[in-house]
Amino acid sequence: QVHLVQSGAEVKKPGASVQLSCKASGYNFIDYALHWVRQAPGQRLEWMGWVNTVSDVTKYSERFQGRLTITRDASASTVYMELSGLNSEDTAVYFCSRSNGRQGSFDVWGQGTAVTVSS
Amino acid sequence: DIVLTQSPESLAVSLGERATINCQSSQSALYGSSNKNYLSWYQQKPGQPPKLLIYWAYTRESGVPDRFSGSGSGTDFTLTISSLQAEDVAVYYCQQEEAFGQGTKVEVK
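As the structure is a prediction and not an experimental result, all values here were calculated from the model.

## A word on the overall build of chain B
For step 1, the next point in the chain: Scanning chain B for helices and strands turns up zero helices and 13 strands.
For step 2, the next point in the chain: The C-alpha atoms of chain B give a radius of gyration of 13 Å, which matches the 13 Å a tight globule of 109 residues would have.
For step 3, the next point in the chain: For chain B, the C-alpha atoms occupy an extent of roughly 40 × 25 × 25 Å along the three principal directions.
For step 4, the next point in the chain: Here chain B holds 109 residues, and the buried ones make up 47% of them.
For step 5, the next point in the chain: For chain B, the proportion of contacts with a sequence separation of at least 24, taken over those separated by at least 6, is 54%.
For step 6, the next point in the chain: Here chain B displays about 5100 Å² of accessible surface, and carbon together with sulfur accounts for 45% of that area.

Have a look at this one:
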């Protein structure tokens, strides 16, 4: 069975950085790209960026350029997301998701990780 | 950047009745080389991640009940729940490439 399992909730102070992980299982890790999508309270889903799990090439939303780093460890079937310079607007649930390029959809999602930024 | 606009923002439907959600895109989702519309629909219940319901505008993901159907082409799309069940109460999102609609909340009247 295909799963994406994310790391646990985080509480951070303004200006800090947070690193989240997402471990894939049940499929060949390098067959699909992995994305990070976040959802602030009561807001729509917001795409942040993705990593090509074969080449390690990344693409980020312009909104997060300079603050966001996505990396992957193919040997561990795990993707990491680091967001720096946190502020209260970064308080959100962060999801990793697998993109199905053939469908143009996100067909598998992690359970989500709550990040709270508070002084 | 693609902008997806859903309507209505919320709707209340009686159990067993039809629910219809619209999604309008600022760019065509139809790609000529494949002749497919790359528009997907998701269901999200409180405290859960989104769940893929439909891709290619009308193809149901495996295991999705057939009361869910998608239609449309180009820039205008519709998700229809033919007979609303209690377990269908959720927020529904459309998605094209890296863009998501703002969501439509479906409740029982």
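Past the structure itself, the notes keep going.
## Let's talk about the interface of chain A and chain B
For step 1, the next point in the chain: The interface of chain A with chain B comprises 19 residues on the first partner and 19 residues on the second.
For step 2, the next point in the chain: Where chain A abuts chain B, roughly 1600 Å² becomes buried across the two surfaces, and 57% of that area is made up of carbon and sulfur atoms.
For step 3, the next point in the chain: A per-residue breakdown of the area chain A buries against chain B is headed by R44(A), L45(A) and Q103(A), which together make up 35% of the total.
For step 4, the next point in the chain: Among the ionic pairs, K59(A) bridges to E98(B), the shortest N-O distance being 3.6 Å.
For step 5, the next point in the chain: Across the contact surface, chain A and chain B share six residue pairs in polar contact (both at pLDDT 80 or more).
For step 6, the next point in the chain: Secondary structure elements with two or more residues in the side of chain A that touches chain B: β4 (33-39), β5 (46-51) and β10 (105-109) of chain A.
For step 7, the next point in the chain: When residues of the side of chain A that touches chain B are assigned to their parent elements, the largest contribution, four residues, is made by β10(A).
For step 8, the next point in the chain: Taken together, the residues that form the side of chain A that touches chain B break down as seven nonpolar, eight polar and four charged.

## Description of the sheet that holds strand β3 (residues 18-25) of chain A
Remark on secondary structure: sheet strands pair via backbone hydrogen bonds, oriented parallel or antiparallel.
Residue and element names in this part refer to chain A.
For step 1, the next point in the chain: In space, the four strands of this open sheet follow the order β1-β3-β8-β7, with antiparallel pairing throughout. If you trace the sheet from one side to the other, it starts and ends with β1 (3-6) and β7 (68-73), each paired once. Going from strand to strand, the sheet's axes swing by 20° on average, the running direction of each strand aside.
For step 2, the next point in the chain: With four bridges joining them, β1 and β3 adopt antiparallel strand pairing. When the bridges of β3 are listed, H3 appears paired with S25.

## Remarks on the sheet that holds strand β9 (residues 68-73) of chain B
Residue and element names in this part refer to chain B.
For step 1, the next point in the chain: If you walk across this open sheet you meet the four strands as β1-β3-β10-β9, and the pairing is antiparallel. Edge positions in the open sheet fall to β1 (4-7) and β9, since each of these has one partner strand only. Strand-to-strand twist in this sheet, taken as the mean axis angle between neighbours without regard to direction, amounts to 20°.
For step 2, the next point in the chain: In the sheet, β1 pairs with strand β3 (residues 19-25) via four bridges, with the strands oriented antiparallel. Each bridged residue has a counterpart across the sheet, and for T5 the counterpart in β3 is Q24.

## Observations concerning the state of the cysteines
Residues and elements named next belong to chain A.
For step 1, the next point in the chain: Tallying each qualifying case throughout the model produces two disulfides over all chains.
For step 2, the next point in the chain: Between C22 and C96 runs a disulfide, and the two sulfur atoms are separated by 2.0 Å. Torsion about the S-S bond of the C22 and C96 cystine: about 75°, corresponding to right-handed handedness. Separated by 74 residues along the polypeptide, C22 in strand β3 and C96 in strand β9 (residues 92-100) bring together distant segments of the chain. You'll find C22 and C96 in the same group, each marked buried.

## Some details on the pattern of salt bridges
For step 1, the next point in the chain: A full pass over the atoms with the stated rule returns nine salt bridges over all chains.
For step 2, the next point in the chain: E87(B) is paired through a salt bridge with R67(B); the nearest N and O atoms lie 3.6 Å apart. Of this pair, E87(B) sits in the loop between β10 (76-81) and β11 (90-96) while R67(B) sits in the loop between β8 (59-60) and β9, and the two are 20 residues apart along the sequence.
For step 3, the next point in the chain: E87(B) gets classed as partly exposed once you look at its relative accessible area, which sits at 44%.
For step 4, the next point in the chain: Judged by its relative accessible area of 17%, R67(B) falls in the buried class.
For step 5, the next point in the chain: In this structure, K105(B) and E107(B) form a salt bridge, with 3.7 Å as the shortest nitrogen-oxygen distance.
For step 6, the next point in the chain: Using a relative accessible area of 43% as the deciding quantity, one classes K105(B) as partly exposed.
For step 7, the next point in the chain: In this structure, a network of salt bridges that share partners links the residues R38(A), E46(A), R63(A), R67(A) and D90(A).

The rules behind each value
Residues numbered from 1 in each chain as written. Chains lettered and ligands numbered in written order. Predicted model: local features only at pLDDT ≥ 70, side-chain atom pairs only at ≥ 80, totals over all residues. Heavy atoms only, no water. Helix = DSSP H or I, 4+ residues; strand = E, 2+ residues; numbered from the N terminus. Rg over C-alpha atoms; globule rule 2.2 N^0.38 Å. Buried < 20%, exposed > 50% of the residue type's maximum accessible area, 1.4 Å probe, protein only. Contact = heavy atoms within 4.5 Å. Areas by Shrake-Rupley, 256 points an atom, 1.4 Å probe, with all protein chains shown as cover. Buried area = accessible area lost by both parts, 1.4 Å probe. Salt bridge = Lys/Arg side-chain N within 4 Å of Asp/Glu carboxyl O. Polar contact = N/O pair within 3.5 Å; in protein donor to acceptor, adjacent residues only side chain to side chain. Nonpolar A, V, L, I, M, F, W, Y, C, P; charged D, E, K, R; others polar. Pairing = 2+ DSSP bridges. Axes fitted to C-alpha atoms, helices over the stretch in contact; angles between N-to-C directions. Disulfide = S-S within 2.5 Å.

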